[in-house]
Amino acid sequence: MAQDSSDDKSLRYLEDQLYLSLSYNILLDKPSTIAQNGFSGGFSIGFVKDIPFTIKGDLGIGIGVGYSYNAYIQNLKISKSNSQTSLFEIGSGYTKNRFATSALELPFEIRWRNSTIDKYKFWRVYGGFKISYLLGAKSIYTDTIETITTKNIDEFNKVQYGLTLATGFSTWNLYVYYGLNSILNEADLNGNSLFLRDFKVGLKFYMM
């Protein structure tokens, strides 16, 4: 927890400016033929500028910037030939299939907490919105014969956004992200548009 330079405890103070989240990633709206078959995890880390609205510091907003990495283990194979991307379901016979993304994220939070300038353990409810700008996406497929790594996949949306919620007591906070737009943009699977939204659930830690 950080505070204003003044020693007057009636002045506003700052809270929860660094964050780390660990999540389990779930793909929503996927076709019945697409299944997640392993632990799909991710993390994000960043800085939030805390802006309190009240003298007590119990209500305010947070505006930040951070970095996130997310992996998704499933049976959607992505390959590329002559700048043409192909997506199709795979059955058995492979040992690894996953895609992963890294992104710059811009979180915005409406913050409530019952902290004080000298109370370090408190309840919090932070709800908000997050925009992510894709820095890179990569797919890895491995079977008994070959390993195929695909990069620069244009079908991934450059901009993704969704709702966030972090709530808990002291260090431990439940974290939820609900994606509002598709991870993929104009992707085709068996002649149909493929719309995959992201849902994350995990833990979020705030520091300083």
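Please refer to the structure higher up on the page.
The shown structure was predicted, so the numbers you read here are calculated from the model rather than taken from an experiment.

1. Things to note about empty space enclosed by the protein
Remark: the empty space left among the atoms is shown by a probe the size of a water molecule rolled over them.
Part 1: Applying the stated rule across the entire model yields 2 cavities of 30 Å³ or more.
Part 2: Quantified by volume, the largest cavity comes out at close to 130 Å³.
Part 3: For the largest cavity, the lining is made up of 16 residues, of which Ser68, Asn70, Ser132, Gln160 and Lys200 are closest to its centre.
Part 4: A total of 4 residues in the lining of the largest cavity trace back to one element, the largest contributor, which is strand β7 (residues 123-143).
Part 5: A class-by-class count of the residues in the lining of the largest cavity yields 5 nonpolar, 6 polar and 5 charged.

2. Some words on the environment of asparagine 114
Part 1: Note on placement: asparagine 114 falls in the loop between β6 (94-113) and β7.
Part 2: A relative accessible area of 29% means that asparagine 114 is categorised as partly exposed.
Part 3: When the C-alpha positions of asparagine 114 and threonine 142 are compared, they lie 50 Å apart, and in sequence the two are 28 residues distant.
Part 4: Reaching out from asparagine 114, the side chain makes a polar contact with the backbone nitrogen of tryptophan 123 at a distance of 2.8 Å.

3. Structural notes on the pattern of salt bridges
Part 1: Taken as a whole, this structure holds 8 salt bridges when the rule is applied.
Part 2: A salt bridge links aspartate 50 to arginine 111; its shortest N-O distance comes to 2.6 Å. Of this pair, aspartate 50 sits in strand β2 (residues 41-52) while arginine 111 sits in strand β6; the two residues are 61 residues apart in sequence, bridging distant segments of the chain. The pair formed by aspartate 50 and arginine 111 is uniform in burial state, with each residue classed as buried.
Part 3: A salt bridge links aspartate 58 to lysine 56; the shortest N-O distance between them is 3.7 Å.
Part 4: What emerges from the salt-bridge pattern is a single network uniting Asp50, Glu109, Arg111, Arg113 and Lys204.

4. Observations regarding unusual backbone geometry
Part 1: Within the chain, aspartate 29 stands out as a residue other than glycine whose phi angle is a positive 65°.
Part 2: Following the sequence through the fold, aspartate 29 ends up in the loop between β1 (18-28) and β2.
Part 3: Classification of aspartate 29 by relative accessible area gives partly exposed; the value is 44%.
Part 4: The residue serine 170 is not glycine, and still its phi comes out positive at about 60°.
Part 5: Counting through the fold element by element, serine 170 comes out in the loop between β9 (159-169) and β10 (172-179).
Part 6: For serine 170, a relative accessible area of 17% gives the class buried.

5. Re the nonpolar core
Part 1: Counting 17 residues, the largest nonpolar core has Leu76, Leu87, Phe156, Leu184 and Leu194 as its most contacted members.
Part 2: Taken together, the elements giving at least two residues each to this core come down to β4 (76-81) and β7.
Part 3: Beyond its immediate chain neighbours, meaning those up to four positions away, leucine 87 contacts Leu76, Lys77, Ile78, Leu184, Ala187, Asp188, Leu189 and Leu194.

6. Some thoughts on the side chain of arginine 197
Part 1: Structurally, arginine 197 is set in strand β13 (residues 197-207).
Part 2: Overall, arginine 197 belongs to the buried group, its relative accessible area being 12%.
Part 3: Among the polar contacts listed, one links the side chain of arginine 197 to the side chain of tyrosine 178, at a separation of 2.9 Å.
Part 4: Polar side-chain contacts of arginine 197 include one of 3.0 Å to the backbone oxygen of glycine 179.
Part 5: Excluding its chain neighbours within four sequence positions, the residues that come into contact with arginine 197 are Ile26, Leu27, Leu28, Asp29, Tyr178, Gly179, Leu180, Asn181, Ser182 and Ile183.

7. Regarding the pairing of β6
Part 1: Bridge count between strand β3 (residues 59-73) and β6: 13 bridges; the pairing is antiparallel. Among the inter-strand pairings, glycine 60 is bridged to a residue of β6, identified as arginine 111.

8. Remarks on the environment of phenylalanine 195
Part 1: Mapping phenylalanine 195 onto the fold places it in the loop between β12 (192-193) and β13.
Part 2: Using a relative accessible area of 41% as the deciding quantity, one classes phenylalanine 195 as partly exposed.
Part 3: Considering only alpha carbons, one finds phenylalanine 195 and proline 31, 164 residues apart in sequence, at a separation of 8.7 Å.
Part 4: Ignoring any residue separated from it by four or fewer positions in sequence, one finds phenylalanine 195 in contact with Leu28, Asp29, Lys30, Asn181 and Ser182.

About the criteria used
Residues numbered from 1 in each chain as written. Predicted model: local features only at pLDDT ≥ 70, side-chain atom pairs only at ≥ 80, totals over all residues. Heavy atoms only, no water. 1 Å grid on protein atoms, 1.4 Å probe; cavity = no way out; pocket = protein on both sides within 12 Å on 5 of 7 lines; lining within 4 Å. Points joined across faces, edges and corners; volume = space filled by probe spheres on them. Helix = DSSP H or I, 4+ residues; strand = E, 2+ residues; numbered from the N terminus. Nonpolar A, V, L, I, M, F, W, Y, C, P; charged D, E, K, R; others polar. Buried < 20%, exposed > 50% of the residue type's maximum accessible area, 1.4 Å probe, protein only. Polar contact = N/O pair within 3.5 Å; in protein donor to acceptor, adjacent residues only side chain to side chain. Salt bridge = Lys/Arg side-chain N within 4 Å of Asp/Glu carboxyl O. Core = buried A, V, L, I, M, F, W, Y, C linked by side-chain atoms within 4.5 Å. Contact = heavy atoms within 4.5 Å. Pairing = 2+ DSSP bridges.

All we've got here are geometric facts, nothing functional implied.
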